[in-house]
Amino acid sequence: MKVKCPFRLRYVPSGIGSNVIIRCEMHNHKLSKDLEGHDILDRLKDHERQFTDDMTKYNMTQRYIVAALKDKDSENLTSVTQVYKARATYYTSITVKLLNMFHLVLNFYYTYKTNRYWIPLLEIVGATSTKLTFLAGFAYLEHEREENFTWALEKLKKFFSSEKLLLKIVVMGRKLALMNAMEAVFPN
């Protein structure tokens, strides 16, 4: 709920601690009785998150998940954005699990300025034992430099749960900067 409220606070860090200064303590609206529009609502409760994860497994869309949550509790203020964020977290955890289970072969596909913003894109795709593929990650890179590829590969390396699970086979085009970065981040 946006009401262009003039109420303002200012946070000022100091050497010992910090200060909060009230710049304007006037309100041009009544305070709401519920927490609609408040930051605390950006968090789903544990049972709501579990319900969202379960419904995501069955490919239910966000609006149906929100409708089901509101059917369960009429005072529920969950929004589609919160469900979207919860689903993104769920899918990220699945990707990390897949990456750690099928870590032997990864395909690094690099496109140069073929997207809408003319920014280089590095796509990392894994393969399962049943010949299915999954997106292990992607990164928009500022330039085709070795340090940019090194940054992306170091971020990928953090998702591996153990040093023993690092890459064994790498499939990629002949991009020297990417090859050098691969040698630096994954030396074996």
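Refer to the structure presented above.
The paragraphs below set out a description of the structure included in this document. (Residues numbered from 1 in each chain as written. Predicted model: local features only at pLDDT ≥ 70, side-chain atom pairs only at ≥ 80, totals over all residues. Heavy atoms only, no water.)

**Side note on the overall build of the protein chain**
This is how the line gets drawn: Numbering of helices and strands runs from the N terminus; a helix is a DSSP stretch of H or I covering at least four residues, while a strand is a stretch of E covering at least two. The classification of residues rests on relative accessible area computed with a 1.4 Å probe and restricted to protein chains. Under 20% of the type maximum is buried, over 50% is exposed, and intermediate values are partly exposed. Note on contacts: a residue pair is in contact if any heavy atoms of the two residues lie within 4.5 Å.
Of the regular secondary structure elements, the protein chain holds five helices and six strands. The linear arrangement of helices and strands in the protein chain, starting from the amino end, is β-β-α-α-α-β-β-β-α-β-α. Every one of the 188 residues in the protein chain was classed for burial, and the buried ones make up 29%. Sequence-distant contacts, at least 24 apart, represent 47% of the contacts inside the protein chain between residues at least 6 apart.

**Here's the deal with the environment of Thr133**
Considering the arrangement of structural elements, one finds Thr133 in strand 5 (residues 133-140). Through-space distance from the C-alpha of Thr133 to that of Asn107 is 9.8 Å; in sequence the pair is 26 residues apart. Not counting residues within four places of it along the chain, the set of residues in contact with Thr133 comprises Val125, Gly126 and Ala127.

**Brief notes about the environment of Tyr91**
Its location among the elements puts Tyr91 in helix 3 (residues 80-101). Note: C-alpha distance between Tyr91 and Asp53 (38 residues apart in sequence) is 9.3 Å.

**Observations concerning the packing of helix 4 (residues 146-157) against helix 5 (residues 176-185)**
Just so we agree on the cut-off: As a rule, the C-alpha atoms of each element are fitted with a line to give its axis, helices using only the stretch in contact, and angles between N-to-C directions run from 0 to 180 degrees. Throughout this description, any angle smaller than 35 degrees is read as roughly parallel, any larger than 145 degrees as roughly antiparallel, any in the 65 to 115 degree range as roughly perpendicular, and the remainder as oblique. Left-handed describes a crossing whose near helix is turned anticlockwise from the far helix through less than a right angle; right-handed describes the clockwise counterpart. Amino acids are sorted into nonpolar (Ala, Val, Leu, Ile, Met, Phe, Trp, Tyr, Cys and Pro), charged (Asp, Glu, Lys and Arg) and polar (every other residue, Gly among them).
Where helix 4 contacts helix 5, the two axes come as close as 8 Å, and the packing angle between them is 45°. Judged on the interaxial angle alone, helix 5 and helix 4 are oblique. Two packed elements cross with a definite hand, and for helix 4 against helix 5 that hand is right-handed. Contacts between helix 4 and helix 5 involve Glu146, Phe149, Thr150, Leu153, Glu154 and Lys157 from the first element and Ala177, Leu178, Asn180, Ala181, Met182 and Val185 from the second. Considering only residue class, the contact of helix 4 with helix 5 consists of seven nonpolar, two polar and three charged.

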